[in-house]
Amino acid sequence: MKLSTYEPDALAPGIRRLSYGLFCWLNRHIVVLRAAGALLRRWPSIGGPFGMVARASAVKDVLTRTPSFSNTAHAANMVSGDYLIGMDPGPTYTADRALVRERLDALDVPNASDEEAKRRIGILDSGDRSFDLIENYLMWVVFHAMKPLFGSATDAVVAGSADPAAQAAVDEGLQRQYMLEIRYVAGQLLAGSLATLDLRRRAETCGDALQARIDRVTGPIGTAWGVKSASQDIERNAVGLAWISHPVTVQSGALAVQELLGRPKVYEKLWSRAQSLKDRVWTDTGFRKDVRDHVLELMRFRPIFPLLARDVPRDTELQTGARQNAKCPGGGKVSLLGIAALFDPSVVSDSRSFCPERDWGSEDPLRYLMFGYGYRQCPARDHAVDILTSALIGLLTLPRLQLARGEGKAITYDGPLMLSMRMRIT
Ligand code: HEM
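As the structure is a computational prediction, the values presented were derived from the model and not from experiment.

Colleague: Tell me what's going on with the pairing of strand β9 (residues 417–425), and back it up with residues and numbers.
Modeller: As judged from the three bridges shared by strand β2 (residues 130–132) and β9, these two strands associate in the antiparallel manner. Within the sheet, the bridge partner assigned to F131 lies in β9 and is M423. Here strand β7 (residues 401–403) pairs with β9 via three bridges, running antiparallel. Within β9, the position partnered with L401 by the bridge is I425. By the bridge criterion, four bridges tie strand β8 (residues 411–414) to β9 in an arrangement that is antiparallel. Bridge pairing in β9 links D414 to L417.

Colleague: So what's going on with the sheet that holds strand β3 (residues 307–311)? Residues and values would help.
Modeller: A sheet is described by the order of its strands in space; here three strands give the open sequence β1-β6-β3, paired in mixed fashion. Only two strands of the sheet have a single partner each, and these edge strands are β1 (52–53) and β3. Pairing analysis gives five bridges linking β3 to strand β6 (residues 333–337), with the strands arranged antiparallel. Among the inter-strand pairings, L308 is bridged to a residue of β6, identified as L336. Packing against the sheet, helix α4 (residues 56–64) makes contact with β1, β3 and β6, and its axis sits at approximately 135° to β6.

Colleague: Help me get a handle on the site of the ligand, residues and values and all.
Modeller: In the vicinity of the ligand, 23 residues are found, and the nearest of them are S245, S252, G372, C378 and A380. Going through the elements one at a time, α5 (91–105) and α13 (231–261) are the ones with two or more residues in the shell around the ligand. A per-element tally of the shell around the ligand places α13 first, with six residues. Residues of the shell around the ligand, tallied by class, amount to 16 nonpolar, five polar and two charged.

Colleague: Outline the environment of M370, listing residues and values.
Modeller: Its place among the elements puts M370 in the loop between α16 (338–341) and α17 (381–397). For the pair M370 and P306, spaced 64 residues apart in sequence, the C-alpha to C-alpha distance is 7.4 Å. Those residues within four positions of M370 in sequence are excluded, and the remaining contacts are M299, R300, P303, F305 and G338.

Colleague: Summarise the nonpolar core; cite the residues concerned and give the values.
Modeller: Residues V53 and L138 are the most contacted members of the largest nonpolar core, which totals 120 residues. Top element by residues in this core is α13. It accounts for 14 residues. Those residues in contact with V53, other than ones at most four positions away along the chain, are G47, A58, V59, V62, L318, T320, V334, L336 and L337.

Colleague: Residue-level account of unusual backbone geometry, with values.
Modeller: Of note, the amide linkage connecting V109 to P110 takes the cis form, showing an omega dihedral of 10°. Secondary-structure assignment places P110 in the loop between α5 and α6 (111–125). For K278, which is not a glycine, the phi torsion comes out positive at approximately 50°. Given 8 C-beta atoms within a 10 Å radius, K278 is considered exposed. Its identity as a non-glycine residue notwithstanding, D350 has a phi of 45°, on the positive side. Examined against the element boundaries, D350 turns out to sit in the loop between α16 and α17.

Colleague: Could you give me a rundown of the environment of A166, with the residues and numbers involved?
Modeller: With respect to the element layout, A166 can be found in helix α9 (residues 164–168). Residues A166 and K409, spaced 243 residues apart in sequence, show a C-alpha to C-alpha distance of 38 Å. With near-sequence residues (within four places) excluded, A166 lies in contact with A159 and S161.

Colleague: Account for helix α11 (residues 197–215), with residues named and values stated.
Modeller: In a regular helix each residue adds 1.5 Å, so 19 residues correspond to 27 Å; α11 covers 26 Å between its end C-alpha atoms and thus fits that length. Taken together, the buried residues of α11 touch α8 (154–159), α10 (172–191), α12 (218–225) and α13.

Colleague: Explain the environment of A54 residue by residue, including any values.
Modeller: Within the element layout of this structure, A54 appears in the loop between β1 and α4. As a C-alpha pair, A54 and L336 span 282 residues in sequence and 6.3 Å in three-dimensional space. Beyond its immediate sequence surroundings of up to four residues, A54 is in contact with G37, L40, R41, P44, G47, L337, A340 and A341.

What counts, and where the lines are drawn
Each residue is numbered by its place in its chain's sequence as written, counting from 1. The model is predicted, so local features are restricted to residues of pLDDT at least 70 and side-chain atom pairs to those at 80 or more, both for listing and for counting; the totals for chains, interfaces and linings are taken over all residues. A pair of strands is labelled paired if DSSP reports no fewer than 2 bridges between them. Secondary structure counts use DSSP, requiring at least four H or I residues in a row for a helix and at least two E residues in a row for a strand, with both numbered from the N terminus. C-beta atoms are first placed from the backbone for all residues, and any pair lying within 7 Å is then listed as a contact. For helices, the axis comes from a line fit to the C-alpha atoms of the stretch in contact; other axes are also lines fit to C-alpha atoms, and the angle between any two N-to-C directions lies between 0 and 180 degrees. Whether a residue is near a molecule or strand depends on its C-beta atom, placed from the backbone, lying within 6 Å of it. Any residue outside Ala, Val, Leu, Ile, Met, Phe, Trp, Tyr, Cys, Pro, Asp, Glu, Lys and Arg is labelled polar, Gly included; the first ten of those are nonpolar and the last four are charged. Linking buried Ala, Val, Leu, Ile, Met, Phe, Trp, Tyr and Cys residues through C-beta atoms within 7 Å yields a set, and such a set is a nonpolar core. Residue burial here comes from a neighbour count, namely the number of other C-beta atoms, placed from the backbone, that lie within 10 Å of the residue's own C-beta, with 20 or more meaning buried, 12 or fewer meaning exposed, and in between meaning partly exposed. In this analysis, the expected span of each helix is defined as 1.5 Å times one less than the number of residues it contains.

Structural measurements only, silent on function.
Structure (structure tokens):
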């Protein structure tokens, strides 16, 4: 479903600005959200009447009861049209899910992400000792790792043209332009219905531009994918894959690095190990596994989706963990505090500590809750973790890093999204 720019706003302008400001502030100060989550976890009957769940058991329960709690809650925030993540199960969902799995099978991670990380680190190391983590590094590592999603049609997608001359003109400037366009489309999924109207309009404009760009190149995409589907099927999947794959992974990487730099001892330990491995830093399997464990633990502290929503299609009940189930009237919504479930001490040992080597035992699937849970979990989970692992290994090969404070803000935001993170090589 596409939002209309001319829809009258249901919220008073002041209330909208205030609630959006609060939402962005909470995203940046996730400790506050975690504290609120801890309260709801402790007293689940408070959240129940508002359709809020925080205990790990309750969050898992909602995410696995897919007929009762529907993903269509995402649909209103998808400014470039319908896609898998906002669909109810059915033939289109099944076909799209099979297509995304096939495209993900074409990825060559971690080889491709290692290769681009090494290349970018080489450039940064010989540069002027300061760089933007997002613009000069993460964006490109993720972009190159994701290239097989569009395969031979990548340049056509970036150029927005099936003309070989236009594709030959694709350079980093055009690639960057494309990545900015998809960033605002993905940003709307995060900001949701709270976003101010001007931000929603910007997201819609970028969503329209993305649709138009893909519309012009469904031919090359169909050829690259080896499918003869109707062009609207190719378009829906290509548009969806474009915005869902890249920006979320880049943002998750930036959040993970921010969290790591905020833990100097953890960073120092990992950095020293990387330095002592020298050339073997990319090939040592034990070290890669440890970095991967760190990525997951950093993401636990800084999940890009700390909350998830579900629609309630018909009357049902919610097990919040309180003595009585909460009523969920049909037509309503429920909010899942994944951030609280990831810290639930009843299932996560020593949950408040930063502990990459934690043994999750039978709760191992919960460890990946930042990618959702159960059948609707992110199909790119392992690919994304591998890419972020490559990116982090690359950063650990540089001399020590710190946020470039003292020259204005090191981190700039656009709503809940990080726009830039300026770093200094010391
Ligand atoms: C670190 C990066 C990523 C994170 C944190 C992430 C997170 C998530 C989450 C939380 C969901 C479930 C949403 C829900 O249940 O409501 C999801 C679903 C999905 N993700 Fe990702 N994702 C990431 C990267 C990617 C990439 C690279 C792709 C590329 C193909 C992708 C494709 C999808 C798709 C297609 C779905 C919908 C699955 C379904 O509904 O069946 N994600 N992702």
